[in-house]
Amino acid sequence: MNFTKIANGQVEGFCLIRSVECKTGKNGEYLNLTLADKTGEINGKVWRYSAREHGEYENNQIVKVRGVIREFGGSDQLNIERIRPQLPEDDITLEDLVRTTGYSGEEMYNEIYNIASSFEDEDLKKLVITILDDRREALLYWPAAFKLHHALNGGLLMHTLSIVRLAEGVCKVYPFVDRDLLFAGAILHDIAKLEEFTVADTGIAEGYSVAGTLLGHLAMGAMTVSEYAKRLQINEKTAMLVEHMILSHHGEPEFGAAVRPLFLEAELLSELDLMDSRIFEMREAVSPLKPDQFTGRQWALNDRKLYHHARKALDDNVNLF
């Protein structure tokens, strides 16, 4: 977090409230907050909370905080001593605090759309382009996750285009891969995340929808393809292959896959999806460290502690164009 250091070990700065909850502990009520800016997130606590004294707060609100950062359970925690809402004279906006991909939603969307337009398979072209057309507005800012990889404004398009770029390299090495099928699966594999999350105008996911919780984006994605395929009169086998790629792209049932990948392009999509998500998460975890430091245990990465060898800077943007 990009806090300013002040006297007596205190820090202060502006943050966006990702989540806020009033809880009761042994010493009375306290606020439990997740605070964020462009550099990351931190858990914050307002101990002995009083709405009259400290004010009332809600998700996606900008606040100024002051407190002391201490380690708790292997992670940093901000013990908040002062908190207030943003004031007009603060001259700070959501854009100052919300992380983005570094690319505009329009340029990523247009690149993906142009790639789909180049398909030789007319059924896959019609299927993918129609779904992209119908979901364009949300795709421009939607995140790819609630908390993990690409959980940022425009993250879904960034993750999608990253996989397409990786798939381009795969097809050069393995010319027997069905390019159109692999690319179609890459573009549509997470399309139902548009229904899985509830997302604020900031492009930050607030939580899971009812359908997202009950069904998940793999099942809903396959259902979406099936519905469009029937309406557009897409070849049944072609539609089934795309549906299988969506249902299997998490690889193993223990990771949410409805079925394991059972043909070449489905296996490749699963591996590329895992690769892109893990590279993002590992970079995010290691980037704040000093050389030769280890992270805390990363539960999303098999509970590993990651090492920062610092042989190369990690602040360059992903090269999508």
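Heads up: the structure comes first, above all this text.
Please read these numbers as outputs of a predicted model, since none were measured by experiment. (Residues numbered from 1 in each chain as written. Predicted model: local features only at pLDDT ≥ 70, side-chain atom pairs only at ≥ 80, totals over all residues. Heavy atoms only, no water.)

*Asks:* So what exactly am I meant to see when it comes to the overall build of the chain here?
*Replies:* Within the chain one finds 12 helices and 10 strands. The C-alpha radius of gyration computed for the chain amounts to 22 Å, which stays within 12% of the reference 20 Å derived for 321 residues, consistent with globular compactness. Summarising its shape, the C-alpha atoms of the chain cover approximately 65 × 45 × 40 Å along the three principal directions. Looking at the 321 residues of the chain, the share that counts as buried comes to 48%. Taking the contacts inside the chain whose residues are at least 6 apart along the sequence as the reference set, 57% of them involve residues at least 24 apart. Total accessible area computed for the chain in this model is approximately 17,200 Å², and 49% of it derives from carbon and sulfur atoms. For the chain, the distance from the average position of its 35 positive side-chain charges to the average position of its 50 negative side-chain charges is 7 Å. (Helix = DSSP H or I, 4+ residues; strand = E, 2+ residues; numbered from the N terminus. Rg over C-alpha atoms; globule rule 2.2 N^0.38 Å. Buried < 20%, exposed > 50% of the residue type's maximum accessible area, 1.4 Å probe, protein only. Contact = heavy atoms within 4.5 Å. Areas by Shrake-Rupley, 256 points an atom, 1.4 Å probe, with all protein chains shown as cover. Lys, Arg positive; Asp, Glu negative; His and termini not counted. Charge placed at Lys NZ, Arg CZ, Asp CG, Glu CD.)

*Asks:* Could you clarify how one ought to interpret the pairing of strand β4 (residues 40-46) in this entry?
*Replies:* Two faces, one strand: in a regular strand the side chains alternate between the faces of the sheet. Within β4, five of the seven residues are buried, leaving the element largely enclosed by the surrounding structure. Strand direction decides the pairing type here: strand β3 (residues 28-37) and β4, joined by seven bridges, are antiparallel. In the strand pairing of β4, L35 is matched with I42. Remark: two residues form the turn of the hairpin made by β3 and β4, two consecutive strands paired antiparallel. Summarising the sheet, β4 and strand β6 (residues 75-85) pair through three bridges and their orientation is parallel. (Pairing = 2+ DSSP bridges.)

*Asks:* How should I be thinking about unusual backbone geometry in this particular structure?
*Replies:* Negative phi characterises most residues that are not glycine, and trans characterises most peptide bonds. Although it is not a glycine, D91 adopts a positive phi angle of roughly 55°. Along the chain, D91 falls in the loop between β6 and α2 (94-97).

*Asks:* Would you mind going over a nonpolar patch on the surface with me for this structure?
*Replies:* A cluster of nonpolar residues, V173, Y174, F176 and L264, forms a patch on the protein surface that exposes about 430 Å² of accessible area. Inspection of the secondary structure assignment puts V173 in helix α6 (residues 155-173). For V173, a relative accessible area of 58% corresponds to the exposed category. (Patch = residues over 30% accessible without salt bridge, like charges linked within 9 Å, V, L, I, M, F, W, Y side chains within 5 Å. Salt bridge = Lys/Arg side-chain N within 4 Å of Asp/Glu carboxyl O.)

*Asks:* I'm lost on the packing of helix α7 (residues 179-188) against helix α12 (residues 264-286) in this one. Help?
*Replies:* Each pair of packed helices gets described by two things: the angle between the helix axes and the distance between those axes. Where α7 contacts α12, the two axes come as close as 9 Å, and the packing angle between them is 40°. Relative to α12, the element α7 lies oblique. Note on packing geometry: the crossing formed by α7 with α12 is right-handed. Contacts from L181, L182, G185 and A186 of α7 reach α12 at E265, L268 and L269. (Axes fitted to C-alpha atoms, helices over the stretch in contact; angles between N-to-C directions. Parallel < 35°, antiparallel > 145°, perpendicular 65-115°, else oblique. Left-handed = near helix turned anticlockwise from the far one by under 90°.)

*Asks:* Where do I start with the packing of aromatic side chains in this structure?
*Replies:* Two descriptors summarise a pair of aromatic rings, namely the distance from one centre to the other and the angle between the planes of the rings. Applying the stated criterion to the full structure yields seven aromatic pairs. Look at Y103 and F321: their rings are 5.2 Å apart centre to centre, the planes differ by 55°, and that puts the pair in the tilted class. Highlighted residues: Y103 in the loop between α2 and α3 (105-117) and F321 in the segment after β10 (304-307), separated in sequence by 218 residues. On the basis of relative accessible area, F321 is assigned to the partly exposed category, the value being 44%. Aromatic side chains Y141 and W142 sit 5.7 Å apart centroid to centroid with 50° between the ring planes, which places their arrangement in the tilted category. (Phe/Tyr/Trp six-rings, centres within 6.5 Å; stacked < 30°, edge-to-face > 60°.)

*Asks:* Could you clarify how one ought to interpret the pattern of salt bridges in this entry?
*Replies:* Any two side chains of opposite charge can pair, on the condition that their charged atoms come close. Under the definition given, this model contains 11 salt bridges. Among the salt bridges present, the one from E122 reaches K125, with a minimum N-O distance of 3.5 Å. Here E122 pairs with K125, and both are found in helix α4 (residues 122-134), just three residues apart, close to one helical turn. With its nearest N and O atoms 3.2 Å apart, the salt bridge here joins R165 to E168. Linking R165 with E168, this pair stays in helix α6, spanning three residues, or about one helical turn. Bridged by salt links that share partners, the residues E12, K64 and R66 form one connected network.

*Asks:* Help me out: how do you make sense of the nonpolar core in this one?
*Replies:* As a rule of thumb, nonpolar side chains are buried together in soluble globular proteins. Judged by nonpolar contacts, the single largest core of 53 residues is most densely connected at F119, L182, I187 and L188. Elements that contribute at least two residues to this core include exactly α3, α4, α6, α7, β7 (197-199), α10 (216-232), α11 (236-248) and α12. If one sorts the elements of this core by residue count, α6 sits on top with nine residues. Setting aside its immediate chain neighbours within four residues, L182 contacts A167, C171, V177, M245, E265, L268 and L269. Within the second largest apolar cluster, 16 residues are counted, among which are I17, L33, Y49 and V63. (Core = buried A, V, L, I, M, F, W, Y, C linked by side-chain atoms within 4.5 Å.)

*Asks:* Explain α7 to me, please; I cannot follow it from the model alone.
*Replies:* Since one α-helical turn is 3.6 residues long, residues separated by three or four positions face the same way. For α7, the tally of buried residues reaches nine of 10 residues, placing the bulk of the element in the interior. Within α7, burial applies to D180, L181, L182, F183, A184, G185, A186, I187 and L188. Against the buried residues of α7 lie α3, α4, α6, α10, α11 and α12. Structurally, the start of α7 carries an N-cap: the backbone nitrogen of D180 is 3.3 Å from a side-chain oxygen of D178. (Polar contact = N/O pair within 3.5 Å; in protein donor to acceptor, adjacent residues only side chain to side chain.)

*Asks:* What is the right way to look at the environment of L214 in this model?
*Replies:* Among the structural elements, L214 can be located in helix α9 (residues 210-214). In this structure, the C-alpha to C-alpha distance between L214 and I131, residues 83 residues apart in sequence, is 23 Å.

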